[in-house]
Amino acid sequence: FTVERGSVYLTGIQALVRLPMDQMRRDRRAGLNTGAFISGYEGSPLGGYDLALARVKELLDEHQIHHRPGVNEDLAATSVMGSQIYGVVGRAKVDGVLGIWYGKGPGVDRSGDVFRHANMAGTGPNCGALVLAGDDHGCKSSTIPHQSDFSLMNVGIPFLYPGNTQEILDYGIYAIALSRFSGAWIGLKMVTDICDGGGTVILDPDQPSIQIPEGYQKVVDVRLMPPVTLGLEHEVNSRRLGAAIEFARLNKLNHWKGAGQGAWLGLVSTGKSYYDLMQALRDLGIGESELAGLGIRIAKFGMTFPLDGAFAREFADGLETLLVIEEKRSFLELQLRDALYRMAVRPNVLGKL
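First things first, this report covers the structure right here in the doc. (Residues numbered from 1 in each chain as written. Predicted model: local features only at pLDDT ≥ 70, side-chain atom pairs only at ≥ 80, totals over all residues. Heavy atoms only, no water.)

### Brief notes about the sheet that holds strand β2 (residues 34-40)
Here's step 1: Spatially, the seven strands line up as an open sheet ordered β3-β2-β4-β5-β7-β6-β12, and their pairing is mixed. Each edge of the open sheet carries a strand with a single partner, namely β3 (65-67) and β12 (303-305).
Here's step 2: Sheet analysis places β2 next to strand β4 (residues 96-104), joined by seven bridges and oriented parallel. Each bridged residue has a counterpart across the sheet, and for A36 the counterpart in β4 is L98.
Here's step 3: In this fold helix α8 (residues 165-182) packs onto β2, β4, β5 (128-135), β6 (159-160), β7 (186-191) and β12, with an angle of close to 160° to the strand it touches most, β7. (Pairing = 2+ DSSP bridges. Helix = DSSP H or I, 4+ residues; strand = E, 2+ residues; numbered from the N terminus. Contact = heavy atoms within 4.5 Å. Axes fitted to C-alpha atoms, helices over the stretch in contact; angles between N-to-C directions.)

### Describing the pattern of salt bridges
Here's step 1: Under the definition given, this model contains 20 salt bridges.
Here's step 2: Here K189 ties to D135 by a salt bridge, and the two come within 2.5 Å at their closest N and O atoms. Pair noted here: K189 is in strand β7 and D135 is in strand β5, with a separation of 54 residues, a long-range link.
Here's step 3: According to the relative accessible area criterion, D135 is buried, its value standing at 0%.
Here's step 4: Residue R249 pairs with E246 through a salt bridge whose shortest N-O separation is 3.2 Å. A residue pair is termed a helical-turn pair when its members lie 3 or 4 positions apart in one helix, as R249 and E246 do in helix α10 (residues 228-250) at three residues. (Salt bridge = Lys/Arg side-chain N within 4 Å of Asp/Glu carboxyl O. Buried < 20%, exposed > 50% of the residue type's maximum accessible area, 1.4 Å probe, protein only.)

### What to know about the sheet that holds strand β10 (residues 265-269)
Note on sheets: strands pair through backbone hydrogen bonds, and any given pair is parallel or antiparallel.
Here's step 1: Pairing is mixed in the open sheet, where five strands are placed in the order β9-β11-β10-β13-β14. Two strands close off the open sheet at either side, each with one partner strand: β9 (254-258) and β14 (348-350). Shown here is a sheet whose adjacent strand axes are inclined to one another by a mean of 20°, direction ignored.
Here's step 2: In the sheet, strand β13 (residues 321-325) pairs with β14 via three bridges, with the strands oriented parallel. By the bridge assignment for β14, L322 is matched with V349.
Here's step 3: The strands touched by helix α14 (residues 332-340) within the sheet are β10, β11 (296-301), β13 and β14, with β13 carrying the most contacts at an inclination of about 150°.

### Details of unusual backbone geometry
Here's step 1: With an omega of -5°, the peptide bond running from Q207 to P208 counts as cis.
Here's step 2: Among the secondary structure elements, P208 is positioned in the loop between β8 (198-203) and α10.
Here's step 3: For the peptide bond that leads from F305 to P306, omega is -5°, which places it in the cis range.
Here's step 4: Position of P306 among the secondary structure elements: in the loop between β12 and α13 (309-316).
Here's step 5: Positive phi, normally seen in glycine, also occurs at N126, with a value near 55°.
Here's step 6: Mapped onto the secondary structure, N126 falls in the loop between α6 (112-121) and β5.
Here's step 7: Residue K328 is not a glycine yet carries a positive backbone phi of 65°.
Here's step 8: Here K328 lies in the loop between β13 and α14.
Here's step 9: Residue classification places K328 among the partly exposed residues on the basis of a relative accessible area of 34%.

What follows is the structure in structure tokens.
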């Protein structure tokens, strides 16, 4: 947690512990006196997050990071919402607050009302709000398998999907910057294999380098009553999603590789599924150098909602078939079909069927 440049081994949970420290260090270098507030409710795959935070309390205190476990998911989400509207109580000791909520998928469902209100109110100056949505796809230690994608989409929360430990740190930094820029709460989809797993990460205080789109000014308002909320509806469902897409495009959160002209097959994936796909191709003897000769393109979506339609159409141009590889219910596939529908010549989109 103290090494700032070089490489260290981290579990997925440890990477989530380190994330707010890295953001506080970035803020200090930028001349900002910020703090962080973390609250949530334990449950797989984030069941050990609160214990891991408690073990490094002295480090958290040093970086002005406050962890207060919630009595339940709703109260935790409401308290994190308070971290984003702290300005209403008068003079503050900090320039802004990073708020982090954590919980398992059913907790995301349960807290939907809070998230909808909190996301509509938005994030304060130099603030940012993250939703760590723990998805136990394989029902390893849960009563039911769960998938938070549709719940986050339903309340208008854009989200990124890390596929390994390095991406927890990188996507986390991007997500905080996106929340501050757009005014939206931002989700990180955290699946069991990534939280329980680990790996060597490369640390560089200057990476990732954040690019902020020009010409956008976030609009937030804590007065959650009509007619204010009628105006904020447009912010949540239109302007902020458009800003998120611009941010993702400028920072290359989505990218593709492989064959250019003459490509016939496109493979699309995200998160852990993407790395499973790449391993499967390696097992078949297909590396990046073989893709062009086989006429294959591969797209990786770092931000799965909102989907960048322009990027999807660029990737799909000239393809005969597009195969979407994702876990659980079709999510990328549904958005891709919608994005490609208006193309004069579009590929067949295959996924769950």
